[in-house]
Amino acid sequence: MANKKSLKQTINLICEELFAECMAASLYGQNRDSAEALIFSTLKMQDDFISRISHPEPGMPAKVYYKKLREDFATHASEIMDHLKHF
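In this text, all values refer to a predicted model and were calculated from it rather than measured experimentally.

## A closer look at the overall build of the protein chain
Piece 1. On a plain count of helices and strands, the protein chain comes out with 3 helices and 0 strands.
Piece 2. Mapped in sequence order, the helices and strands of the protein chain form the string α-α-α.
Piece 3. Dimensions of the protein chain along its principal axes, counting C-alpha atoms only, are 45 × 20 × 15 Å.
Piece 4. Looking at the protein chain residue by residue over its 87 residues, the buried ones come to 26%.
Piece 5. Put simply, of all contacts in the protein chain between residues at least 6 apart along the chain, 69% involve residues at least 24 apart.
Piece 6. Carbon and sulfur atoms make up 56% of the accessible area of the protein chain, which totals about 6000 Å².

Listed below in structure tokens is the structure:
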């Protein structure tokens, strides 16, 4: 497991890239409202996962918790990328 700082940096970097893609879709795509919704969902996802890193669930082993967190993040990020493909 990576330490919390590097995990936060990785999440921030991926969310920055997703945000930039959503902004481009918003500016150049035909469906601006949907692209703006993706922008907000990207920002919300970033806030949610960063806060989840700082406050792990009590009673759950750290290794299991952070593995699930990474899997959940990958799932959410891939959903946003799938939505971006339709612009």
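## Structural notes on the nonpolar core
One broad trend across soluble globular proteins is that nonpolar side chains are buried collectively.
Piece 1. Ile-11, Met-45, Ile-53, Leu-69, Ile-80 and Leu-84 are the most contacted members of the largest nonpolar core, which has 20 residues in total.
Piece 2. Put simply, the parts of the chain that give this core at least two residues each are α1 (4-28), α2 (32-54) and α3 (62-84).
Piece 3. Those residues within four positions of Leu-69 in sequence are excluded, and the remaining contacts are Leu-7, Ile-11, Phe-49, Arg-52 and Ile-53.

## Considerations on the packing of α1 against α3
Piece 1. Between α1 and α3, whose axes approach to 11 Å, the crossing angle comes to 10°. Considering the angle they form, α1 stands roughly parallel to α3. On the side of α1, the interface is formed by Lys-4, Leu-7, Ile-11, Ile-14, Cys-15, Leu-18, Glu-21, Cys-22 and Ala-25, while α3 contributes Tyr-66, Leu-69, Arg-70, Phe-73, Ala-77, Ile-80, Met-81 and Leu-84.
Piece 2. Split into classes, the residues belonging to the contact of α1 with α3 amount to 14 nonpolar, no polar and 3 charged.

## Examining the packing of aromatic side chains
The geometry of an aromatic ring pair is captured by the separation of the ring centres together with the interplanar angle, meaning the angle of the planes.
Piece 1. Counting across every chain of the model gives 2 aromatic pairs.
Piece 2. Seen in terms of ring centroids, Phe-49 and Phe-73 are 5.3 Å apart; in terms of plane orientation they differ by 80°. Their pairing is edge-to-face. Taken together, the positions of Phe-49 in helix α2 and Phe-73 in helix α3 put the pair 24 residues apart, joining distant regions of the chain. Both residues of the pair, Phe-49 and Phe-73, belong to the buried class.
Piece 3. Ring centres of Tyr-65 and Tyr-66 lie 5.2 Å apart, and the angle between their planes is 80°; on these two criteria the pair is classed as edge-to-face. Considered together, Tyr-65 and Tyr-66 belong to a single accessibility category, that of buried residues.

## What about the packing of α2 against α3?
Piece 1. Remark: α2 packs on α3, axes separated minimally by 11 Å, with the N-to-C direction vectors making an angle of 175°. Considering the angle they form, α2 stands roughly antiparallel to α3. Contact with α2, carried on its side by Leu-38, Ser-41, Thr-42, Met-45, Phe-49, Arg-52 and Ile-53, involves Tyr-65, Tyr-66, Leu-69, Asp-72, Phe-73, His-76, Ala-77, Ile-80, His-83 and Leu-84 of α3 and no other residues of that element.
Piece 2. Residue composition of the contact of α2 with α3, grouped by class: 11 nonpolar, 4 polar and 2 charged.

Calculation notes
Along each chain, residues carry numbers from 1 onward, in the same order as the chain's sequence is written. Thresholds applied to this predicted model are a pLDDT of at least 70 for local features of residues and 80 or more for the giving and counting of side-chain atom pairs; totals over whole chains, interfaces and linings are not thresholded and use all residues. Where side-chain values are given, they derive from all heavy atoms of the structure, hydrogens and water being excluded. Strands here mean DSSP runs of E at least two residues long; helices mean DSSP runs of H or I at least four residues long; both are numbered from the N terminus. Exposure categories follow from relative accessible area, calculated using a 1.4 Å probe and restricted to protein chains: below 20% of the type maximum is buried, above 50% is exposed, and the middle band is partly exposed. Contacts were defined at the residue level, with two residues in contact if any of their heavy atoms lie within 4.5 Å. The protein chains shown are the only cover counted for residues, whose accessible areas, like all others here, come from Shrake-Rupley with a 1.4 Å probe. As used here, the term nonpolar core means buried Ala, Val, Leu, Ile, Met, Phe, Trp, Tyr and Cys residues forming a set that is joined through side-chain atoms within 4.5 Å. In this analysis an axis means a line fitted to C-alpha atoms, helices contributing only their contacting stretch, and an angle means the value between N-to-C directions, from 0 to 180 degrees. Small angles under 35 degrees read as roughly parallel and large ones over 145 as roughly antiparallel, with 65 to 115 read as roughly perpendicular and the rest as oblique. Amino acids outside the nonpolar list (Ala, Val, Leu, Ile, Met, Phe, Trp, Tyr, Cys, Pro) and the charged list (Asp, Glu, Lys, Arg) are all regarded as polar, and Gly is one of them. We call Phe, Tyr and Trp rings a pair once their centres come within 6.5 Å, taking the six-membered ring for Trp, and we label the pair stacked below 30 degrees between planes, edge-to-face above 60, and tilted otherwise.

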